[in-house]
Amino acid sequence: SIYKEALRTLYLGFYLAAGSILFLVIFDVLMIYSVSKPIKHIISVLDSIGMGKRKQRIDYAARNEFGLISGSINTMLDNVEEMNRRIFDMQSNLYEKELMQKEAEMLALQSQINPHFLYNTLECIRSIAIIHKIPEIAAITTSMSKIFRYSIKGGLTTTIKEELECIRDYSRIIAV
């Protein structure tokens, strides 16, 4: 009877120990699963983002550490996307400004070429007038050339001497 009681106590202890071990094993498996599943999900989403799916975000709504980590990663990805958009916009603006600068340079070159052709044309007319002994046309083209140079020289200020010279050249044209 004492042996039976001791044996019963021993069996009860064994069953309690076996049950406790089984409970702990099941608890550990559930804990590992509850930790590894969110980590695997986060890693999977980050891998797909690394493979080019930049718009993908981590969909994990739990209010635990993994939810906080997922929210922080999503915020970081949104910030990176916003910075990329800003960089793209700045590069587009820079490209547009460079195009405008190139266009301005082209217009500046054209504005230098056009007067050059006009000066050459006026000089050609003057030379023909001299060859054909028509001094009036030679005088008019010389005065026109001087007025044209004066009008495109640029700058906001001019001297009285330059103004008077321009008026004289205009008077020469009218007088002929």
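What counts and what doesn't
Residues numbered from 1 in each chain as written. Predicted model: local features only at pLDDT ≥ 70, side-chain atom pairs only at ≥ 80, totals over all residues. Heavy atoms only, no water. Helix = DSSP H or I, 4+ residues; strand = E, 2+ residues; numbered from the N terminus. Rg over C-alpha atoms; globule rule 2.2 N^0.38 Å. Buried < 20%, exposed > 50% of the residue type's maximum accessible area, 1.4 Å probe, protein only. Contact = heavy atoms within 4.5 Å. Lys, Arg positive; Asp, Glu negative; His and termini not counted. Charge placed at Lys NZ, Arg CZ, Asp CG, Glu CD. Core = buried A, V, L, I, M, F, W, Y, C linked by side-chain atoms within 4.5 Å. Patch = residues over 30% accessible without salt bridge, like charges linked within 9 Å, V, L, I, M, F, W, Y side chains within 5 Å. Areas by Shrake-Rupley, 256 points an atom, 1.4 Å probe, with all protein chains shown as cover. Salt bridge = Lys/Arg side-chain N within 4 Å of Asp/Glu carboxyl O. Phe/Tyr/Trp six-rings, centres within 6.5 Å; stacked < 30°, edge-to-face > 60°.

Asks: I would appreciate a short explanation of the overall build of the protein in the present structure.
Replies: Secondary structure assignment for the protein yields four helices and zero strands. Starting at the N terminus and ending at the C terminus, the protein contains elements arranged as α-α-α-α. Compactness check: the protein gives a C-alpha radius of gyration of 46 Å against a globular reference of 16 Å for 176 residues, more than 25% above the reference. Principal-axis analysis of the C-alpha atoms gives the protein an extent of 155 × 30 × 15 Å. Within the protein, the proportion of its 176 residues that are buried is 12%. Summarising the internal contacts of the protein: among those between residues at least 6 apart in sequence, 41% fall at separations of at least 24. Here the protein carries 21 positive and 19 negative side-chain charges, and the mean point of each set is 2 Å from the other.

Asks: Please explain the nonpolar core as it appears in this structure.
Replies: Nonpolar side chains in soluble globular proteins tend to end up buried together. In this structure, I42, V45, I49, I58, F66, I73 and L77 together form the largest nonpolar core, which totals seven residues. Secondary structure elements with two or more residues in this core: α1 (2-50) and α2 (65-131). The contact partners of I49, leaving out residues within four places of it in the chain, are R54, Q56 and L77.

Asks: Help me understand a nonpolar patch on the surface, please; the structure alone is not making it clear to me.
Replies: Taken together, the side chains of L7, L10, Y11, F14 and Y15 define a hydrophobic patch exposed on the protein surface, amounting to about 590 Å² of accessible area. Residue classification places F14 among the exposed positions, given a relative accessible area of 54%.

Asks: Sorry, what's going on with the packing of aromatic side chains here?
Replies: Working definition: an aromatic ring pair is given by the centre-to-centre distance plus the angle between the planes. Going through the model one piece at a time under the given rule, you end up with three aromatic pairs. Pairing F23 with F27 gives two aromatic rings, centres 6.3 Å apart and planes at 20°, and the pair type is stacked. Of this pair, F23 and F27 both sit in helix α1, four residues apart, which is roughly one turn of the helix. Overall, the relative accessible area of 41% leaves F27 in the partly exposed class.

Asks: Looking at this structure, how should I read the pattern of salt bridges?
Replies: Pairing between side chains of opposite charge can happen when the charged atoms of each approach one another. In this structure the tally under the stated criterion is eleven salt bridges. Two residues, R8 and E5, come together in a salt bridge whose shortest N-O distance is 3.8 Å. Of this pair, R8 and E5 both sit in helix α1, three residues apart, which is roughly one turn of the helix. For R8, a relative accessible area of 54% puts it in the exposed group. Of the residues examined, E5 reaches a relative accessible area of 45% and is grouped as partly exposed.

Asks: Would you explain unusual backbone geometry in this entry?
Replies: Leaving glycine out, the prevailing phi sign among residues is negative, and the prevailing peptide bond configuration is trans. You will see that K133, though not glycine, has its phi angle at about 55°, which is positive. Tracing the backbone shows K133 in the loop between α2 and α3 (135-152).

Keep in mind these values describe shape, not function.
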